[in-house]
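Below are the chains, spelled out letter by letter.
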2 protein chains.
Amino acid sequence: MTRPPAAAGGRSAPRPRGRRPAGEDTRGNIVAAAGSEFAAHGYAGASLRGIARRAGVDPALLHHYWDGKAELFAETMQVHGVSPSALIARVVDGPRDRVGERAARSFLSMWDRPEQRPRFVAMLRSAVTDDESARALREFLASEIFGPIVLALDDGEPSMEPVDRRVRGGLAASQLLGMALMRYVIQLPEVADSEPEDLVRHLAPTMQRYLAP
Amino acid sequence: MTRPPAAAGGRSAPRPRGRRPAGEDTRGNIVAAAGSEFAAHGYAGASLRGIARRAGVDPALLHHYWDGKAELFAETMQVHGVSPSALIARVVDGPRDRVGERAARSFLSMWDRPEQRPRFVAMLRSAVTDDESARALREFLASEIFGPIVLALDDGEPSMEPVDRRVRGGLAASQLLGMALMRYVIQLPEVADSEPEDLVRHLAPTMQRYLAP
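Quantities reported herein were computed from a predicted structural model and do not represent experimental measurements.

Parameters and conventions
- Residues numbered from 1 in each chain as written.
- Chains lettered and ligands numbered in written order.
- Predicted model: local features only at pLDDT ≥ 70, side-chain atom pairs only at ≥ 80, totals over all residues.
- Heavy atoms only, no water.
- Helix = DSSP H or I, 4+ residues; strand = E, 2+ residues; numbered from the N terminus.
- Buried < 20%, exposed > 50% of the residue type's maximum accessible area, 1.4 Å probe, protein only.
- Contact = heavy atoms within 4.5 Å.
- Areas by Shrake-Rupley, 256 points an atom, 1.4 Å probe, with all protein chains shown as cover.
- Core = buried A, V, L, I, M, F, W, Y, C linked by side-chain atoms within 4.5 Å.
- pLDDT = per-residue confidence, 0-100.
- Salt bridge = Lys/Arg side-chain N within 4 Å of Asp/Glu carboxyl O.
- Least-squares fit on C-alpha atoms with pLDDT ≥ 70 in both.
- Buried area = accessible area lost by both parts, 1.4 Å probe.
- Phe/Tyr/Trp six-rings, centres within 6.5 Å; stacked < 30°, edge-to-face > 60°.
- Lys NZ or Arg CZ within 6 Å of the ring centre and 35° of its normal.
- Axes fitted to C-alpha atoms, helices over the stretch in contact; angles between N-to-C directions.
- Parallel < 35°, antiparallel > 145°, perpendicular 65-115°, else oblique.
- Left-handed = near helix turned anticlockwise from the far one by under 90°.
- Nonpolar A, V, L, I, M, F, W, Y, C, P; charged D, E, K, R; others polar.

When helices and strands are counted, chain A shows 11 helices and zero strands. Starting at the N terminus, the α and β elements of chain A follow one another as α-α-α-α-α-α-α-α-α-α-α. Here chain A, with 213 residues, has 51% of them falling under the buried criterion. Nonlocal contacts in chain A, meaning residues at least 24 apart in sequence, comprise 67% of its contacts between residues at least 6 apart. Total accessible area on chain A stands at roughly 9,400 Å², and carbon and sulfur atoms take up 51% of it.

Formed by 136 residues in total, the largest nonpolar core has its most connected members in Leu211 of chain A together with Leu211 of chain B. When neighbours within four sequence positions are excluded, Leu211 of chain B is seen to be in contact with Val91, Val99, Ala103, Ile149, Val150, Leu153, Arg168 and Ala172 of chain B.

Let us now look at the confidence of the model for chain A. Residue and element names in this part refer to chain A. Of the residues in chain A, 83% have a pLDDT of 70 or more, and the chain-wide mean is 84. When pLDDT is averaged over each helix and strand of chain A, the minimum, 82, is found for helix H7 (residues 117-129) and the maximum, 96, for helix H11 (residues 196-211). Model confidence for the complex: the whole-complex pTM is 0.79, and ipTM, which rates the interface, is 0.78.

Overall, the coordinates contain 24 salt bridges over all chains when judged by the stated rule. The residue Asp112 of chain A makes a salt bridge to Arg117 of chain A at a minimum N-O spacing of 3.5 Å. According to the relative accessible area criterion, Arg117 of chain A is partly exposed, its value standing at 30%. Linking Glu75 of chain B and Arg27 of chain B is a salt bridge whose minimum nitrogen-to-oxygen distance equals 2.6 Å. Of the two residues, Glu75 of chain B sits in helix H4 (residues 69-76) while Arg27 of chain B sits in helix H1 (residues 24-45), which places them 48 residues apart along the sequence. The same class applies to Glu75 of chain B and to Arg27 of chain B, which are both buried. The network of salt bridges with common partners includes Arg98, Glu101, Arg105 and Glu197 of chain A.

Right, let's get into the relation of the copies chain B and chain A. Overlaying chain B on chain A yields an RMSD of 0.0 Å, the required transformation being a rotation through 180° with an accompanying axial translation of 0.0 Å. Such a combination of turn and shift is consistent with a two-fold rotation axis. It is Gly178 of chain B whose C-alpha, among those of chain B, lies nearest the rotation axis, at 1.7 Å. Of all interface residues in chain B, 100% are interface residues in chain A too; the two copies therefore contact each other through one and the same surface.

Residue and element names in this part refer to chain A. Position of Ser133 among the secondary structure elements: in helix H8 (residues 131-154). Since its relative accessible area comes to 15%, Ser133 is described here as buried. Not counting chain neighbours up to four residues away, the residues in contact with Ser133 comprise Met77, Ser126 and Ala127.

Right, let's get into the interface of chain B and chain A. Facing 38 residues of chain B, the contacting portion of chain A comprises 38 residues. Carbon and sulfur atoms supply 67% of the area buried between chain B and chain A, which totals about 3,500 Å² over both sides. Broken down residue by residue, the surface that chain B buries against chain A is led by Val128, Ile186 and Glu190 of chain B, which jointly contribute 18%. Taken together, chain B and chain A are joined by two salt bridges.

What follows covers unusual backbone geometry. The residue Gln187 of chain A is not glycine, and still its phi comes out positive at about 55°. By secondary structure assignment, the location of Gln187 of chain A is in the loop between helix H9 (162-185) and helix H10 (189-192).

Looking now at the packing of aromatic side chains. Residues and elements named next belong to chain A. According to the stated counting rule, one finds 21 aromatic pairs over all chains in the structure shown. An aromatic cluster is built from Phe107, Trp111, Phe120, Phe146 and Tyr184, whose rings are joined through pairwise contacts. Of note, Lys69 hangs over the ring of Tyr43, and the distance from its end group to the ring centre comes to 4.7 Å.

For the rest of this paragraph, the subject is the packing of helix H6 (residues 99-112) of chain A against H11 of chain A. Residues and elements named next belong to chain A. Axis separation between H6 and H11 bottoms out at 6 Å; the angle between their running directions is 130°. Between H6 and H11, the crossing angle belongs to the class labelled oblique. Considering only the axes of H6 and H11, their crossing is right-handed. Counted together, Val99, Gly100, Glu101, Ala103, Ala104, Arg105, Leu108 and Asp112 of H6 and Pro196, Glu197, Leu199, Val200, Leu203, Ala204, Met207, Gln208 and Leu211 of H11 form the full contact between these two elements.

Take the packing of H7 of chain A against H8 of chain A next. Helices that pack against each other are described as a pair by the angle of their axes relative to one another and the distance between those axes. Residue and element names in this part refer to chain A. Put simply, H7 and H8 touch, their axes get as near as 5 Å, and they point 115° apart. If you check the angle between H7 and H8, you find them roughly perpendicular. Crossing of H7 over H8 shows left-handed handedness. Contacts between H7 and H8 involve Met123, Ser126, Ala127 and Thr129 from the first element and Asp131, Ser133, Ala134 and Leu137 from the second. The class makeup of the residues in the contact of H7 with H8 is four nonpolar, three polar and one charged.

Here you go:
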């Protein structure tokens, strides 16, 4: 989702349903309103309706721009161009014995994009220093990323205990976010200077054991 | 290293070598001066002599209180009661096939102590939001914690490539710090609510593969 340059007058976008004309400003206003709403109510407690009210737009307009709450939240987290559902599909779809490799590669390639790094660092800074951001991030990670990944992988494997599933998602999150912390924020040279595919090779067995043992 | 209650008059401590009487204030002043010196020069660039000069004390006084730069840095990072050398010994000493288990247990039990958690969170916040803190932390982790651990474990196994060693230390750091990030800061329920020994069981094979494959 690359932003087109804002046109003078802001009316170049096709007119959507809703009370107000939708230009880039409207879209940006909704994202800002969503950020406030997630901060106030957490990810789980926030609703698209409440965000629309806060932004002063028709709720239908939100559905026009985003597939749902997860996509909108990802944008407030400044993750552009990668939707949660696409990320989940990249990890889940394919041979089960290569889940770990796909998980490591999908997350690293998302964060490694030069325009994405500063946004990711900003997101992590916010989550580490602000309790409300931390709450929104943890609810998002659990309900929209790692929960669905583990659930999809366990489909048809009813022997897995639900509680075990949850821990597995948390372990996967700890390794991936920990790698991001070390590579992009703390910049430990050992991992900051490594080629992405070298890291994928090292991380793949760990992710495999956590996600699809 | 529990702090004794400060005595009125501040002269209860035995008088050490050096220019100034050493009370709790002097010790605290040195820790504060060390924090400034590490911020200004990074971990690698800071010296005990420079810290002593900044604190206005004799360098010998620093050796009176701390075993060396690593111990002093750990205290500026508010890690009390666990010296880097003791932590390394806990991981390295013992059967090689249980290195991963000892590593996971040593770090988790250090951070899980109730008085330690807020300090660890403060340290991580500082490193994530401030470039100088990040630099000091990464140099400390590389040269005083994970570097020495991997080096000690590879002793007598000359087939290990030095470059591979460095990556392995970075991987171990990414998993352990990532778990701390998720458990104490983001507080993902999956791992924040888990019993430490359950996490040790899950993390042990990962740490074993990174540290002593």
